[in-house]
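Listed below are the residues making up each chain.
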Amino acid sequence: MAGWYEPPPVLEAELLATLPTAFRTLGTSDHSRNQKRGRALDSFLEGPVVRGDTLYLTDIPYGRIFAVDLTTKEWTLVIQYDGEPNGLAWSEKHKRLLIADFKLGILTLDPDCPGEKTRLKGPNDLVVRGDGTIIFTDQGMTGLQDPTGRVYRISPDGRRVDVLLRNCPSPNGLVLDPSGTSLFVAMTRDNSVWLAPLYPDGSVQRTGRFSSYFGVGGPDGMAVDEEGNVFVAHSTLGTVFVHRGDGTPRARISVESSGKGSTNLTWGGPELKTLYIVESEAGSILTVDWHCKGVL
């Protein structure tokens, strides 16, 4: 991060749970061949969502949705199918989990029956606004060499799909600010986060770069708290960068005790003050207690 600022404080995340051995089978898949240069994986966890005392997770290469009991730390396989599930979000309107699946598009889980919504370049992550509007990233294999990724919006009734952002180099995680009027999008291959103001008429204008990073990978999943701080998980630095609403550094959360692959994060706990962080390479979940509430 550029700028004349004092180094932010470093918080250490604590290990909560790790994917059991019974669910690990080292092998290759379309995901490992296309995204990991053929490296064998026993899992690659993503998309955490907390509902009550349960944390839901995706496992991209093996098409699995897991549920973790936050009290007993027990893992349950909810469903496995022929897909590459990545981002998860809860739709209060539909009372279902929504899945951004790289191969199949936008799916629903209730939690027993996924159904295809639409097929695109390769969806990655999604958020649901209070009125039921769904915003999702269509990443595919885009990058600086092919900045053709997009961010879409599905109307609450599901009858209209609009393009919010074009020319995106690998759009990945996304999150709304507490007011719901600004959209943050992680552009992984640009190693940056873009900020897109959402205007009352539904348009997106004057999009700019909110923050920039470094490293082999880039920013992945994101979260915000009630103060407007933005939490950005970096996929290869083992770090969650925390920015104030104006982009300046607030803190750095390290997950390097488990690995370098911090891919996504979500809020939970009785007061929504616990940050659950997914470290995908080791298949682990870590936690950090924060001073104020998160925003879902």
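What you see is a predicted model, and the numbers here were worked out from it, not measured in a lab.

1. Overview of the pattern of salt bridges
Across all of its chains, the model carries twelve salt bridges by this definition. We note a salt bridge from Arg24 to Asp42, for which the minimum N-O separation is 3.2 Å. Of this pair, Arg24 sits in the loop between strand E2 (14-18) and helix H1 (30-35) while Asp42 sits in the loop between H1 and strand E3 (45-51); the two residues are 18 residues apart in sequence, bridging distant segments of the chain. Here Lys260 ties to Glu256 by a salt bridge, and the two come within 2.8 Å at their closest N and O atoms. The partly exposed category is assigned to Lys260, whose relative accessible area is 45%. For Glu256, a relative accessible area of 38% corresponds to the partly exposed category.

2. Observations regarding the confidence of the model for the protein
Averaged over every residue, the pLDDT of the protein is 91; the share at 70 or more is 95%. Every residue in residues 114-118 scores below 50 in pLDDT, and together they form 16 contacts with partners more than four places removed in sequence or on other chains.

3. Remarks on the nonpolar core
Grouped together as the largest cluster of nonpolar side chains are 17 residues, with contacts concentrated most on Phe231, Ile253, Leu265 and Ile277. At the level of secondary structure, the elements contributing two or more residues to this core comprise strand E20 (230-234), strand E21 (239-243), strand E22 (249-254), strand E23 (262-268), strand E24 (274-279) and strand E25 (284-289). Ranked by size, the runner-up nonpolar core spans 15 residues in total, among them Ile135, Cys168, Trp194 and Val204.

4. Side note on the environment of Phe102
Within the element layout of this structure, Phe102 appears in the loop between strand E8 (96-101) and strand E9 (105-109). Using a relative accessible area of 17% as the deciding quantity, one classes Phe102 as buried. Distance from Phe102 to Met141, taken between C-alpha atoms, is 9.8 Å for residues 39 residues apart in sequence.

5. A word on unusual backbone geometry
Of note in this structure, Lys73 is not a glycine but carries a positive phi near 65 degrees. The topology assignment puts Lys73 in the loop between strand E5 (64-69) and strand E6 (75-80). Using a relative accessible area of 33% as the deciding quantity, one classes Lys73 as partly exposed. With a phi angle near 60 degrees, Leu272 is a residue other than glycine that sits in the positive phi range. Here Leu272 shows up in the loop between E23 and E24. A relative accessible area of 25% means that Leu272 is categorised as partly exposed.

Basis of the calculations
- Residues numbered from 1 in each chain as written.
- Predicted model: local features only at pLDDT ≥ 70, side-chain atom pairs only at ≥ 80, totals over all residues.
- Heavy atoms only, no water.
- Salt bridge = Lys/Arg side-chain N within 4 Å of Asp/Glu carboxyl O.
- Helix = DSSP H or I, 4+ residues; strand = E, 2+ residues; numbered from the N terminus.
- Buried < 20%, exposed > 50% of the residue type's maximum accessible area, 1.4 Å probe, protein only.
- pLDDT = per-residue confidence, 0-100.
- Contact = heavy atoms within 4.5 Å.
- Core = buried A, V, L, I, M, F, W, Y, C linked by side-chain atoms within 4.5 Å.

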